[in-house]
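Summary of the model geometry
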Amino acid sequence: MFRIGVLVSGGGTNLQAIIDRIEDGYLSNCEITSVVSSKEGVFALERAKKHGISARCIARKAYSNTEEYSSALAAHFEQENVDLIVLAGFLTVLSENFIKRFENKIINVHPSLIPSFCGKGFYGLIPHEEALKYGVKVTGATVHFVNGEVDGGKIILQKAVYVQDGDTPEVLQARVMKEAEHIILPEAIKKLSMEK
Ligand code: GAR
C-alpha cells in the first residue's frame, strides 16, 4: 500500500476528494494513514474520523516558530512511515529542514494556474479575488511538489477552469475546487503511487 499523510487547516474538501477516490477504487493501492490539522476543531478532522482515518491536531500556535513546528510534524510522519505527504488546504509554512527530510515526497494543491496568483500571501480565497481583479478569463488549479520556494516546486498536474460573468471570489473558488482541485489532486496521487 502507498501510505499517505495529509495536512489540513480547514474544511477539507480536498481531503474528502482523496477519501472518495480511495473508497471508489480509483486509488485502490493507497491508504491515508493519518490526517493532521494545524488548527483545532476544523471540519477536515471530522471528515477523517467519519471514514475511520486516524486524525489529530498538531496546533501551529502551540509552537514558537516554524522550525519547532515542522520538527513535530516530521517526527509524526516519520513514525507513520508515509510515502507521500499531501498539503490539502494546509495554510502554514514548513521549514527547509522538513522539506529536505521528505524531498520529492510532499505535494500541494494550489487554487490557480501557477505561475499566476501564487507565492507568499496567495492562499484560500485570495488567488480568486486577485484573478477576478485582474480580469483573467481562465484560471484553475495546480498540483506541484513542495520545495523551499512558496508554490515554486515542479508542477505535476494543472487544470483550467473558465471564469464566468458575475463570478464572486466564493463562486469561482467553488467551481475551481469542483472542476479542478478535486480532480487533479487524486490524479496526481495516483501518478506518484504508480511510480513508487
Ligand atoms: C483549497 O482551495 C486549496 O487549494 C487552498 O485552500 C483551499 C482549502 O480547501 N490552498 C491554498 O491556498 C494553498 N496555498 P479545503 O480545506 O476545502 O480542501
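So, here is what we can say about the structure in this document. (Residues numbered from 1 in each chain as written. Predicted model: local features only at pLDDT ≥ 70, side-chain atom pairs only at ≥ 80, totals over all residues. Heavy atoms only, no water.)

1. Concerning the packing of aromatic side chains
This is how the line gets drawn: Stacked, tilted and edge-to-face are the three classes applied to pairs of Phe, Tyr and Trp rings, where Trp contributes its six-membered ring and a pair requires centres within 6.5 Å; stacked means planes under 30 degrees apart, edge-to-face means over 60, and tilted covers the rest. Partly exposed residues are those whose accessible area sits between 20% and 50% of the maximum for their type, while under 20% is buried and over 50% is exposed, using a 1.4 Å probe and protein chains only. Definition used: whenever NZ (Lys) or CZ (Arg) falls within 6 Å of the ring centre and also within 35 degrees of the ring normal, the charge is taken to sit over that ring.
Going through the model one piece at a time under the given rule, you end up with three aromatic pairs. Plain terms: the ring middles of Tyr 63 and Tyr 69 are 5.5 Å apart, the flat faces sit at 55° to each other, and that makes the pair tilted. For the ring pair Phe 98 and Phe 102, a centre distance of 4.9 Å and an interplane angle of 45° mean the geometry is tilted. Comparing Phe 98 with Phe 102, the two get one shared label, buried. We note Arg 21 situated over the ring of Tyr 26; from NZ or CZ to the ring centre the distance is 4.1 Å. Taking NZ or CZ as reference, Lys 190 lies 4.6 Å from the ring centre of Tyr 26, over its face.

2. Quick word on the packing of helix H5 (residues 126-134) against helix H6 (residues 169-195)
So the rule is basically this: Every axis corresponds to a line fitted to the C-alpha atoms, with the helix fit spanning only the stretch in contact, and the corresponding angles, defined between N-to-C directions, vary from 0 to 180 degrees. Under the DSSP-based scheme used, a helix requires at least four consecutive residues in state H or I and a strand at least two consecutive residues in state E, with every element numbered from the N terminus. Relative orientations are named as follows: roughly parallel for angles under 35 degrees, roughly antiparallel for angles over 145 degrees, roughly perpendicular for angles from 65 to 115 degrees, and oblique for any other angle. Crossings are classed by handedness, with left-handed meaning an anticlockwise turn of the near helix from the far one by less than a right angle and right-handed meaning a clockwise turn. Two residues qualify as a contact provided that any one of their heavy atoms is within 4.5 Å of a heavy atom in the partner residue. Polar here means any residue other than Ala, Val, Leu, Ile, Met, Phe, Trp, Tyr, Cys and Pro, which are nonpolar, and Asp, Glu, Lys and Arg, which are charged; Gly is therefore polar.
Two elements in contact, H5 and H6, have axes separated by 9 Å at closest approach and are oriented at 115°. Our classification of the angle between H5 and H6 gives roughly perpendicular. Judged by the twist between their axes, the crossing of H5 over H6 is right-handed. Two secondary-structure elements touch here, H5 through His 128, Glu 129 and Leu 132 and H6 through Pro 169, Leu 172, Gln 173 and Val 176. By residue class, the composition of the contact of H5 with H6 is four nonpolar, two polar and one charged.

3. Quick notes on the pairing of strand S4 (residues 84-87)
This is how it is decided: For two strands to pair, DSSP has to find at least two bridges joining them. Think of it like this: strands point away, you trace from the first strand over the helix to the second, and a clockwise trace means the crossover is right-handed.
Neither face of S4 is exposed, since Leu 84 and Val 86 on one face and Ile 85 and Leu 87 on the opposite face are all buried. Two elements, strand S1 (residues 2-8) and S4, share four bridges in a ladder whose sense is parallel. Residue pairing in the sheet places Gly 5 in a bridge with Ile 85 of S4. Both S4 and strand S5 (residues 106-110) contribute to a ladder of three bridges, which runs parallel. From the neighbouring strand, Leu 87 faces S5, where its bridge partner is Asn 108. Of the crossover connections in this fold, the one passing from S4 over helix H4 (residues 96-101) to the parallel S5 is right-handed.

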